[in-house]
Amino acid sequence: MQTSAIAGAIALLASTGVAAQTSAPAASKTASEEVGEIVVTARKQNESIQSVPLSIKAFSSADIARSGMTSIADIARRTPNLTFGDFGDIKLSPTSIRGVISSSGSAGADPAAGYYVDEVFVGQGAGASVDLYDIERVEVLRGPQGTLFGRNTLAGAISITTTKPSDEFNASVTGTYGNYDYKRLGASVSGPIVPGVVQAKISGIFNKRDGISFNEIRNEDANTLNSWIVRGALNFILSPDTTLLISGDHQKVDQSPLAFEVLRYNTNPNVGTNSFLQTARDIPLNRDPFDRVVQSAIRNVETLNASNVTATFKTKIGGIDITSITSHHFHRYFSEGDTGRGAVRLLTDGDPERVTRDSQELRAAISTDRVDVITGLYLYRQKSANQSFVKVGPDLAALFGDPTLSGLVTGSDGTLNTKSIAGFTNVNVRVGDSIEITAGARYTRDHKSIDYTQSDPIALLGGNVAIKASDSWTSFTPSVTARYRVSPDFMTYATISTGFKSGGFNDALGDATGIAFKPEKLTNYELGFKGQAANRLITYDAAIFYMDWTNVQVAQIVPPRFNPTITNGGRAYSLGIEVNTTIRPVEGLTLGVSGALLQSRFNNNVRRGPTAFAPEYTANVNAEYRFPETSLGQFSVFGEMLARGKTYLIPPTGNTIDLDGRVSPYTLFNLRASLSAPNERWKISIWGKNLTDKTYKTRVFDLFNVPPIGEKLIQLNEPRTYGIEVKFSY
């Protein structure tokens, strides 16, 4: 049925698009304005999004402001077939594109979807915590990007472009206040230091919010926000063809997340010791998992200090464009929380990490009337130290009969060194005026070594362990695309592309059994079309795809011990469709509809069932109306409906699907109304998100059969929020 729906949707949209081209009259700009063209760099060159033979969803700075987006989670809610795990912390939240998901958020594990900021790979989790303030554009590239982006993009890539320094002075200040005492303050200044030669920019954003949950044990808020980030850039124009851009940022986080609700308690006292002791003390358990009232014996803590610096050098030598991108990243992350989420102090656990990362990309591009060539070399080095731990609490020490054990830390130190080198070439050939053939390939060699130790004197996690290991993997990831331009306003394309994610070593807690895992590979087969009509008053695109995914890396806890482990779960596939259209029927009114159908499943002798974070459908319907401008200013209203189909938050175990991980279909409604000055010097907006206060699960943390906790824990989405935003620009 789903396959029939996919085929029918494509046929309907295709016929609608062709009809729009052949029958739509030339629109008068007095009746309506054109839909703004979005320029993207998905193929390492500036192109109109409607010309790129790739399934891509892009958000301009105006789109980000219109919807009030602040994070990657906001981007994901509005992008068909993109899901952000939203685990409630900044380290472990996974990203899924078309049902292909990262196996783990640990420091040394590679992602399936690559995050890039100004063309620099920023990893995942704590290393990829990006605020959308002062961002020029976000591009979501669906499907493997193994040629131009390389390793760890077998699901796709999320490319974020920051706003660059300008040669004209401009400045802005934005302040937001909302319920839960939400405060957000941002400021940016940009302009010339030496006009035409040196430009500078600096911006900063501060976020703080009280908890969206209440800890009834400590009588305090939980799941709070508190962070700030500063970005700066210097742009040197050395000659008409030569520039050097030096940019950097520093981020700090200090908040209290991960106050889970308890979905189920294990009533076996030998497993569910936590709830057994709490009941014996006549302290009520957390029986309502959806009331946003939680229990924790301590205040959970999460901190992050992260810094990035990048130098981008561009020049032209004899008609060849040369680009060099050099980057350095460092971050230190710490977390600690109550493992049992109750009144009894049995255990706390944490997941600290330290990461240093360096990369260098050097590429050359040349274009003629018929041929475009991009070729380059990529070097990458990372050192990560994942230092997961469990700390004995006073109540567990009493059960052991030795109060001196209270405060004992048992944990691991997994130091993982990663080195990668890759060479790539992409050739684009225009055959006549209508046909374009693109072929590319990348050869990658990854080497990893681990020095893993675990200190476990009381055998909570499997005992003391010391292991050193290393391995290397190579991969050749080709791609080929054919594009046929039926008319100046309509084109079709077909793509076969491949992706690769290297193998690795488990660097978190556990007995180190099966510490190594194999690399993943994925092949994508895709057909699509893109078009526009009526002087771009109508734009539309659609893609249908099938992806074959092998040696899937799966992270799960295997009771009775707390040992989150990545293993290879066999083969899986992903099949679906993505559609998008924007229409300006009358002046001032913009309508947008985008959606996807998805079937992503394991189909092997090891596992059978749906992959995690793969909603059966996604939909985004939005509308904006900008009223005629008056002497007071311009008033606008923007509303959107965001829908998601049935989703599973955890992968199957064998052929068994855990129904506690199922999320039923849901719909969110958001609204924003704004008044801006005629000269756009100020703007006032009121906004509301999740207006119907829909509640659903975003994470399942399964310790149900892990003593002494014996609980199945869940994280909830953000509740209804609303507020006011004021922006001043100069």
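What counts, and where the lines are drawn
- Residues numbered from 1 in each chain as written.
- Predicted model: local features only at pLDDT ≥ 70, side-chain atom pairs only at ≥ 80, totals over all residues.
- Heavy atoms only, no water.
- Core = buried A, V, L, I, M, F, W, Y, C linked by side-chain atoms within 4.5 Å.
- Buried < 20%, exposed > 50% of the residue type's maximum accessible area, 1.4 Å probe, protein only.
- Contact = heavy atoms within 4.5 Å.
- Pairing = 2+ DSSP bridges.
- Helix = DSSP H or I, 4+ residues; strand = E, 2+ residues; numbered from the N terminus.
- Polar contact = N/O pair within 3.5 Å; in protein donor to acceptor, adjacent residues only side chain to side chain.
- Patch = residues over 30% accessible without salt bridge, like charges linked within 9 Å, V, L, I, M, F, W, Y side chains within 5 Å.
- Areas by Shrake-Rupley, 256 points an atom, 1.4 Å probe, with all protein chains shown as cover.
- Salt bridge = Lys/Arg side-chain N within 4 Å of Asp/Glu carboxyl O.
- Phe/Tyr/Trp six-rings, centres within 6.5 Å; stacked < 30°, edge-to-face > 60°.
- Lys NZ or Arg CZ within 6 Å of the ring centre and 35° of its normal.

So, about the nonpolar core. Within soluble globular proteins, side chains that are nonpolar tend to cluster in buried spots. Formed by 48 residues in total, the largest nonpolar core has its most connected members in Ile75, Val100, Val138, Ile160 and Trp549. Not counting chain neighbours up to four residues away, the residues in contact with tryptophan 549 comprise Gly99, Val100, Ile101, Leu154, Glu520, Lys521, Leu522, Gly570, Arg571, Ala572 and Thr611. Core analysis: the second largest hydrophobic core is formed by 22 residues, Leu258, Phe260, Phe562 and Ile709 among them.

When strand 21 (residues 320-338) meets strand 23 (residues 353-367), the two strands line up antiparallel, connected through 13 bridges. If you follow tyrosine 333 over to strand 23, its bridge partner there is glutamate 353. When strand 23 meets strand 24 (residues 371-386), the two strands line up antiparallel, connected through 15 bridges. Bridging from a neighbouring strand, threonine 356 pairs with lysine 383 of strand 24.

Spatially, the 5 strands line up as an open sheet ordered 3-9-10-7-8, and their pairing is mixed. In the strand order of this sheet, the two ends are held by strand 3 (56-60) and strand 8 (120-121), each with one partner. Inspection of the sheet shows strand 7 (residues 113-117) paired to strand 8 by 2 bridges, in the antiparallel sense. Paired with valine 117 across the strands is valine 120, a residue of strand 8.

On to the side chain of glutamine 556. As for its placement among the helices and strands, glutamine 556 is situated in strand 34 (residues 553-557). A distance of 3.4 Å separates a polar atom in the side chain of glutamine 556 from the backbone oxygen of proline 651. Those residues in contact with glutamine 556 that sit more than four places away from it in its chain are Asn563, Pro564, Thr565, Arg607, Pro651, Pro652 and Thr653.

Overall, antiparallel pairing links the 3 strands, which are arranged 4-5-6 in an open sheet. Strands at the two margins of the open sheet, each flanked by one partner only, are strand 4 (82-84) and strand 6 (100-101). Both strand 4 and strand 5 (residues 95-97) contribute to a ladder of 3 bridges, which runs antiparallel. The residue bridging phenylalanine 84 from the neighbouring strand is threonine 95, located in strand 5.

A few words on a nonpolar patch on the surface. Together, Val429, Val431, Ile435, Ile437, Val480, Tyr484, Val486, Ile496, Tyr525 and Tyr546 line one region of the surface with nonpolar side chains, adding up to about 800 Å² of accessible area. Of all the elements in the fold, those that place two or more residues in the nonpolar patch are strand 26 (409-431), strand 27 (435-455) and strand 28 (465-487). Take the nonpolar patch: its biggest share by element is 3 residues, from strand 28. Relative to the helices and strands, tyrosine 525 is located in strand 32 (residues 520-533).

Right, let's talk about the pattern of salt bridges for a bit. With the rule as written, the count across this model stands at 38 salt bridges. One salt bridge in this structure joins lysine 44 and glutamate 119, with 3.5 Å as the shortest N-O distance. Taken together, the positions of lysine 44 in the loop between strand 1 (39-40) and strand 2 (47-48) and glutamate 119 in the loop between strand 7 and strand 8 put the pair 75 residues apart, joining distant regions of the chain. For lysine 44, a relative accessible area of 14% corresponds to the buried category. Take glutamate 119: its relative accessible area is 24%, and that puts it in the partly exposed class. Between arginine 137 and glutamate 136 there is a salt bridge, with the nearest N and O atoms lying 3.0 Å from each other. Given a relative accessible area of 32%, glutamate 136 falls into the partly exposed group. A cluster of three or more residues bridged by salt bridges with shared partners is formed by Arg43, Glu47, Glu436 and Arg483.

One pass over the full model with this rule turns up 17 aromatic pairs. Taken together, the ring pairs connect Tyr116, Phe121, Phe149, Tyr378 and Tyr380 into an aromatic cluster. Directly above the aromatic system of phenylalanine 149 lies the positively charged group of lysine 44, at a separation of 4.2 Å from the ring centroid. Here arginine 699 stacks its cationic end above the ring of phenylalanine 701, 5.2 Å away from the centre of that ring.

Okay, the side chain of serine 190 next. Looking at where serine 190 falls in the secondary structure, it is placed in strand 12 (residues 182-194). A distance of 2.9 Å separates a polar side-chain atom of serine 190 from the backbone nitrogen of serine 166. Apart from residues no more than four positions distant in its own chain, serine 190 is found in contact with Lys164, Pro165, Ser166, Glu168, Phe169, Asn170, Ala200 and Lys201.

For the bond running from proline 707 to proline 708, omega is 5 degrees, close enough to zero to count as cis. Mapped onto the secondary structure, proline 708 falls in the loop between strand 45 (697-703) and strand 46 (711-716). At tyrosine 180, a residue that is not glycine, the phi angle is positive and equals roughly 60 degrees. Turning to its location among the elements, tyrosine 180 is positioned in the loop between strand 11 (170-178) and strand 12.

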